[in-house]
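A structural walkthrough
Next come the chains, spelled out residue by residue.
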Amino acid sequence: MKATLYHNPRCSKSREALAILTDAGVEVEVIEYLKAPPTRETLAELYKRAGMTAREGLRIAEDAAKPLKGADDDTILDAMAANPILIERPLVVTERGVRLGRPPEKVREIL
C-alpha cells in the first residue's frame, strides 16, 4: 500500500502518524506541507474525501486563525493556501480515503 503524508516533522502527532504508516509497511510519500504547501483546490478535495469541512481542518491554535473565527469554508481555504501553518496535521491519503491524524491512530482506518 502507498500513502501520502502531509507532514510537519516538528509535530509529534505527525511523527506518530508516520511511525504508524511505516510500521504497517506502507510506502509513504512525505510532503512537508510548510515547504511545499498544497493548493487551495487540493485542500478542498482532501477535506471532501475525508468527509470534513475546511473549518475542521483549521489549526485553531495558531494566532493567524483568530481572524477566521466566523469565516466560511471558502475564506478558510484561501487562508490555508496563503498561510499553510493554518493546516491541521497530519493529513494522510491512501487509496482507501483521507484522514486527519488527530489522534494519530485514526490513520489506521484507511490502511
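Residues numbered from 1 in each chain as written. Predicted model: local features only at pLDDT ≥ 70, side-chain atom pairs only at ≥ 80, totals over all residues. Heavy atoms only, no water.

- The protein carries the name Arsenate reductase in an unreviewed UniProt entry, which gives Sphingomonas trueperi as its organism.
- In the Sequence similarities (unreviewed entry) part of its UniProt record, the protein is described as follows: "Belongs to the ArsC family."
- UniProt annotates the protein under Catalytic activity (unreviewed entry) with the comment "[glutaredoxin]-dithiol + arsenate + glutathione + H(+) = glutathionyl-S-S-[glutaredoxin] + arsenite + H2O". (UniProt positions renumbered as here; feature names shortened; annotations may be inferred.)

Some points on the overall build of the protein
- In terms of regular secondary structure, the protein is built from three helices and four strands.
- Scanning the protein from its N terminus toward the C terminus, one meets helices and strands in the order β-α-β-α-α-β-β.
- Taking 13 Å as the expected radius of gyration for a compact globule of 111 residues, we find that the protein reaches 13 Å, a close match to that expectation.
- Each of the three principal axes of the protein carries a C-alpha extent, and together these read 40 × 25 × 25 Å.
- The buried share of the protein, taken over its 111 residues, is 42%.
- Counting only contacts in the protein whose residues sit at least 6 apart along the sequence, the fraction spanning at least 24 positions is 59%.
- Of the roughly 6000 Å² of accessible surface on the protein, 49% is carried by carbon and sulfur atoms.
- Between the averaged position of the 18 positive side-chain charges in the protein and that of its 18 negative side-chain charges there is a distance of 4 Å. (Helix = DSSP H or I, 4+ residues; strand = E, 2+ residues; numbered from the N terminus. Rg over C-alpha atoms; globule rule 2.2 N^0.38 Å. Buried < 20%, exposed > 50% of the residue type's maximum accessible area, 1.4 Å probe, protein only. Contact = heavy atoms within 4.5 Å. Areas by Shrake-Rupley, 256 points an atom, 1.4 Å probe, with all protein chains shown as cover. Lys, Arg positive; Asp, Glu negative; His and termini not counted. Charge placed at Lys NZ, Arg CZ, Asp CG, Glu CD.)

Thoughts on the sheet that holds strand β4 (residues 97-100)
- Across the sheet, four strands lie side by side as β2-β1-β3-β4; this open sheet has mixed pairing. Looking at the sheet topology across the chains shown, the edges are occupied by β2 (27-32) and β4. On average, adjacent strands in this sheet sit at an angle of 20 degrees to one another, irrespective of strand direction.
- In this fold helix α1 (residues 12-23) packs onto β1 (2-7), β2 and β3 (91-94), with an angle of close to 170 degrees to the strand it touches most, β1.
- The sheet strands contacting helix α2 (residues 40-50) are β1, β3 and β4, and the helix crosses β3 at an angle near 75 degrees. (Pairing = 2+ DSSP bridges. Axes fitted to C-alpha atoms, helices over the stretch in contact; angles between N-to-C directions.)

As for the nonpolar core
- Ranked by size, the top nonpolar core spans 22 residues in total, and within it Y47, M80 and L91 carry the most contacts.
- Of all elements in the fold, only α2, α3 (73-82), β3 and β4 reach the threshold of two or more residues within this core.
- Broken down by element, this core gets its largest block of residues, four residues, from α3.
- If near-sequence neighbours (up to four positions away) are discounted, L91 is found in contact with T4, L5, Y6, L46, Y47, V98, R99 and L100. (Core = buried A, V, L, I, M, F, W, Y, C linked by side-chain atoms within 4.5 Å.)

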